[in-house]
Amino acid sequence: MRIAVIGAGPGGLYTASLVKRLLPRYEVDVWEAQAADETFGFGVVFSDGALGGIEAADPVLFSGITSHFARWDRIDVHYRGGTVRNEGYGFSAISRRTLLRLLHERCAALGVRLRFSTRALGPDELAGAYDLVVAADGVNSTTRTRYAGNFGTERGERGARYMWLGTDRPFDALTFAVTETPYGPMQAHAYPYAPGRSTFIVEVNEAVWRAAGFTGHRPEPEDGSSDERSLARVAELFSDVLQGHGLEGNKSRWGRFTVVSNRHWSHRNIALLGDSAHTTHFSIGSGTKLAMEDALALTMALRDHTTVPEALAAYQAEREPAVAAMQRTALTSLEWFEDIDRCVGLDPEVFNAHLLTRSGRLTHRDLPPHDPDRIALIRSRFADADAGRSAVPAAR
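Quick summary incoming for the structure in this document. Since the structure is predicted, the reported quantities are computational estimates derived from the model, not experimental observations.

Topic: the overall build of the protein chain
Within the protein chain one finds 14 helices and 15 strands. Across the protein chain, every contact between residues at least 6 apart in sequence was considered, and the portion connecting residues at least 24 apart equals 74%. Here the protein chain has roughly 16,600 Å² of accessible surface; of this, 49% comes from carbon and sulfur atoms.

Written out as structure tokens, the structure is:
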């Protein structure tokens, strides 16, 4: 079988390497318009539960990835000048650039043909030249757009603005930071991914974004630069969180989060994978992790079925329920952050509990009991709210 993968992000490269490792007689070509060393983003997060599949599927890659991990077991909520610490949560992160380098090396060692700085043929041509085409070309997938009616694509932009940044402040936990500005509250999601390096994602609703004067901070659309004026402004507004450290960009600009879903994950012999198939808000996890889980499921389906149509049907059947559940959870979390101003002003312990339970995956009764007195206080506040004796809004 001949397989073409469009896009050399982690999902596409992991698909290619897994197919060559588990089905070595298959020919796999990866097509990527950008150069091998051209990337964006900073860190990629993995929960402890996500690593088992990688270890079982490719111990060599697993060993390489985990040797570069930054690890933590805490969620910090920076709010109103203080920090509430929550123990008992296991996470790991790695530099996106390092992850891509490891995947490049693994693909080369296994015999995958990597075609960097080479724009792929059109999807019709690829579909005719290969037995299977894997469209791992991201949220703005041209392949998905070409067949949007066949895939049953639904796509919509949310109202909040966000920007993906880096910082040299060495955070030691997954950190949710809220800063109350004269224009309204803004929030940041931060986590370490390498020694002295952290990801810093700032998010703000549209009204606050406009009031803060960000509307004119736009670089030229095609020049590949970061929005340096906004970087400086964000650093100023989050100075108490950054503690004297700076921010850096990598093609960093304000954007709106795009929710993508598809009724059908394949059309003829073309399959969608990762962000081309589905997106989930960064407040609940990593799209890279989901893309790599897609890659494993697709490879297993190819191994276990004799025809491409059977494999693609099995692939969607395996992944769609889990992804749909994750998207529902992510949408609830996204909406909580979009409306964060309704919770700003709460007691720090109660605000912390609302944040931890925002997606519905946990309730205040499920919070780790590492600090019984504090958990008892939180539960009593929620009990007061449930009984109608408090103005605390219900957890969303």
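Now that the structure has been shown, we can carry on.
Topic: the packing of helix α1 (residues 10-22) against helix α4 (residues 96-110)
The contact between α1 and α4 brings their axes to 9 Å, and the two run at 25°. The angle between α1 and α4 falls in the class roughly parallel. For the element pair α1 and α4, the recorded crossing hand is left-handed. Each of P10, L13, Y14, A16, S17, K20 and R21 in α1 lies in contact with α4, whose residues at this interface are R96, L99, L100, L103, H104, R106, C107 and L110. Classifying every residue of the contact of α1 with α4 by side-chain character gives nine nonpolar, two polar and four charged.

Side note on the packing of aromatic side chains
Using the criterion set out here, one finds 16 aromatic pairs in the structure. Here the basic side chain of R96 rests over the ring of F40, its NZ or CZ set 4.5 Å away from the ring centre. Note that R115 overlies the ring of W31, its terminal NZ or CZ placed 4.7 Å from the centroid.

Here we look at the side chain of N262
Along the polypeptide, N262 turns up in strand β13 (residues 255-262). Those residues in contact with N262 that sit more than four places away from it in its chain are R144, F151, G152, T153, L272, S276, A277 and E320.

About the cut-offs
- Residues numbered from 1 in each chain as written.
- Predicted model: local features only at pLDDT ≥ 70, side-chain atom pairs only at ≥ 80, totals over all residues.
- Heavy atoms only, no water.
- Helix = DSSP H or I, 4+ residues; strand = E, 2+ residues; numbered from the N terminus.
- Contact = heavy atoms within 4.5 Å.
- Areas by Shrake-Rupley, 256 points an atom, 1.4 Å probe, with all protein chains shown as cover.
- Axes fitted to C-alpha atoms, helices over the stretch in contact; angles between N-to-C directions.
- Parallel < 35°, antiparallel > 145°, perpendicular 65-115°, else oblique.
- Left-handed = near helix turned anticlockwise from the far one by under 90°.
- Nonpolar A, V, L, I, M, F, W, Y, C, P; charged D, E, K, R; others polar.
- Phe/Tyr/Trp six-rings, centres within 6.5 Å; stacked < 30°, edge-to-face > 60°.
- Lys NZ or Arg CZ within 6 Å of the ring centre and 35° of its normal.

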